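Examination of the molecular architecture
Here is how the chains run, residue by residue.
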Amino acid sequence: MNEYVIGVDLGTSAVKVSAMDHDGKIIAQQSYGYDLHQPHPGYSEQDPRDWLYGTTIAIDRLILRDGIKAEEIKGISFSGQMHGLVLLDADGQVLRPAMLWNDTRTTKQCEEIKKKMGDRFIEITGNRALEGFTLPKLLWVKENEPEIWARAKSFLLPKDYVRYVMTGKQAIDYSDATGTVLFNIKKNAWSKEICDTFDIPESMCPPLIRSIDEAGTITDSYAMFSGLKTTTKVFGGGGDNACGAVGAGILKPNMVMSSIGTSGVILKYEPDANVDYHGALQYECHAIPDTYYSMGVTLAAGHSLNWFKHTFAKGEDFTEMVNRAAKRPLGANGLIFTPYIVGERTPYADADIRGSFIGVDSMQNKYDFVRAVIEGITFSFRDILNIYDQHGQDFDTVVAIGGGAKSDFWLQLQADIFNKKVVSLTNEQGPGLGAAMLAAVGLGWFNSLQDCAKKFVHFGKEYEPQPETVKKYDELYKIYHQIYDQTKDLSHQIMKLRNSWD
């Protein structure tokens, strides 16, 4: 009998499920989209039940449409969008829409955290309090929705909610727990000090498990709902960035990952918790047991390009649009874009900054603007790489995944702007591949994720930086890097005025 693992990639716009065999070959895939709700500026919410329905429908299609037998599915694991807050009552029912990672309404709560705890907060969590994290969301609900807070008995993150419905057991893995900033990264435990400081009952914090640990098996009710067997094992899984790193083979310190999805991430494997970036980068537990990773985030990476296409090139083929932008001159005929269209996280941690086009000229055409957006996103990644340089962290290879890895033009652009070798993957599946690998190791198919990567991860074409192009982009980046400081006050004034009109 064939045996498969399923990797569930629970993203911001859709869920994708992938069935893989012992050799890491994708046997079948299904996906299902769901809506994002933004009722007010800075708000970003989803109904957790949409994730559950989408995941279940996608799994059901693997069985009914792709012919995978339910008894052949031996294990399931997850990659999930990070930081989102799912509040549950005493019966495990959802109390309100989930507040997502890109929800920026919690500036006041972040300031409260900083005022009460200062640098002690960074010492405990390895991170600054940022709007996207889970703790500020808990404090926002506590302050603004006291009737809901009074009924809240536990919280989960997005993938953990789906796993909870599948197994009937609440839990959170270490990689997502660190992203709540309620977690003591040195002690690998929930922080009593932080819970006590902000009057959050420790009982609300779910049990902790490793990403490769078995969280349970499919319940009778979910088996009836989905078509799965109750013998199928369900594993902890990890945050999307941790799983993306596993699926990209980022398993040693000389490599970093460049991931362009809705948001953008530069991520580096860290062997221990002893590196101190003073909160300039996020520091998280890895999905690989007893290791860590650091990362910086551009909030609107792929989202910036999707926004531009939806607004100004709606009917155009995406690939053709990028190909035509590749033919425009380096530097987009003097046009620079800053991708702060929903605020920014790294290196500025500014929820109120907004994006801009600098150097608009009547000689430019639409594809200069597209190229400027792509270059601006990539410059924002270089801002993150600068932090590693400042802390003496050396690496020689960038593994690219996501939207930026689907274009030869964008891969070479990254090599030239980063001045590093960039490598693509021949079987690039992003976080979903990492999730499947966690299930494969959890089942005992492999002794470790490193062993699993030898079968599941395959590196492809390499892109070397071109010295003359590197020099030109260095000059352009020096200008780009000044724009935030030059425009932030005006941007904040505009946001304040707009909000006063709402």
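Residues numbered from 1 in each chain as written. Predicted model: local features only at pLDDT ≥ 70, side-chain atom pairs only at ≥ 80, totals over all residues. Heavy atoms only, no water.

Quick note on the threshold: UniProt positions are given in the numbering used here, feature names are shortened, and annotations may be inferred rather than shown by experiment.
Under an unreviewed UniProt entry, the name given to the chain is Xylulose kinase, and the organism recorded is Limosilactobacillus albertensis. In its Sequence similarities (unreviewed entry) section, UniProt records this for the chain: "Belongs to the FGGY kinase family." Under the heading Catalytic activity (unreviewed entry), UniProt records this for the chain: "D-xylulose + ATP = D-xylulose 5-phosphate + ADP + H(+)".

1. With respect to the UniProt feature "site: Important for activity" (unreviewed entry) in the chain
Rule in force here: Think of it this way: any DSSP run of H or I at least four residues long counts as a helix, any run of E at least two long counts as a strand, and we number them from the N terminus. Categorising residues by exposure relies on relative accessible area from a 1.4 Å probe, with only protein chains included: less than 20% of the type maximum marks a residue as buried, more than 50% marks it as exposed, and the intermediate range marks it as partly exposed. In what follows, a contact means two residues having at least one pair of non-hydrogen atoms within 4.5 Å.
Residues annotated in UniProt with the feature "site: Important for activity" (unreviewed entry) correspond here to D9. Here D9 lies in strand β1 (residues 4-10). With relative accessibility at 15%, the residue D9 sits in the buried group. The residues contacting D9, other than those within four sequence positions of it, are A14, V15, K16, S79, P431 and G432.

2. Concerning the sheet that holds strand β24 (residues 459-463)
The criterion, for reference: In this analysis, strands are considered paired if DSSP registers two or more bridges between them. An axis is simply a line fitted to the C-alpha atoms; with a helix, the fit covers only the stretch in contact. Between two such axes, the angle follows the N-to-C directions and lies from 0 to 180 degrees.
Strand order in the open sheet formed by seven strands is β18-β19-β17-β16-β22-β23-β24, and the pairing between neighbours is mixed. Only two strands of the sheet have a single neighbouring strand rather than two, namely β18 (282-285) and β24. For this sheet the average axis-to-axis angle between neighbouring strands, irrespective of direction, equals 30 degrees. In terms of strand pairing, β18 meets strand β19 (residues 292-298) through four bridges, oriented antiparallel. In the strand pairing of β19, C285 is matched with Y292.

3. Re the UniProt feature "binding site: substrate" (unreviewed entry) in the chain
Mapped onto this structure's residue numbering, the UniProt feature "binding site: substrate" (unreviewed entry) falls at M82 and H83. Summarising the element assignment, H83 is placed in the loop between β5 (73-80) and β6 (86-88). Of the residues examined, H83 reaches a relative accessible area of 2% and is grouped as buried.

4. Some points on the nonpolar core
Worth spelling out the cut-off: Take the buried Ala, Val, Leu, Ile, Met, Phe, Trp, Tyr and Cys residues and link them wherever side-chain atoms come within 4.5 Å; each set so joined is a nonpolar core.
One finds L87, L135, L138, F155, L182, I200 and L305 to be the most contacted residues of the largest nonpolar core, which totals 89 residues. Not counting residues within four places of it along the chain, the set of residues in contact with L135 comprises I113, F121, T180, V181, L182, I194, F198 and I200.

5. Digging into the pairing of strand β22 (residues 397-402)
Along any regular strand, the residues point their side chains to alternate faces of the sheet. Put simply, the rule is: A crossover gets the label right-handed when its path from the first strand over the helix to the second runs clockwise, viewed with the strands pointing away from the viewer.
Counting buried positions along β22 yields six of six residues, so the element is predominantly enclosed. Of the strand pairs in this sheet, strand β16 (residues 255-260) and β22 are connected by six bridges, and their pairing is parallel. Along β22, the bridge assignment pairs S259 with I401. Strand direction decides the pairing type here: β22 and strand β23 (residues 421-425), joined by three bridges, are parallel. Of the residues in β23, the one forming a bridge with V399 is V423. The parallel pair β22 and β23 is bridged by helix α14 (residues 408-418), and the resulting crossover is right-handed.

6. Examining unusual backbone geometry
Along the chain, T346 connects to P347 via a cis peptide bond; the corresponding omega equals 5 degrees. Assignment of secondary structure puts P347 in the loop between β20 (336-338) and β21 (356-358). With phi around 55 degrees, V181 is a residue other than glycine that occupies positive phi space. Mapped onto the elements, V181 comes out in the loop between α7 (174-178) and β10 (183-184). Even without a glycine there, the phi angle at N188 is positive, about 55 degrees. Following the sequence through the fold, N188 ends up in the loop between β10 and β11 (189-190). Relative accessible area serves as the criterion here: at 28%, N188 is assigned to the partly exposed category.

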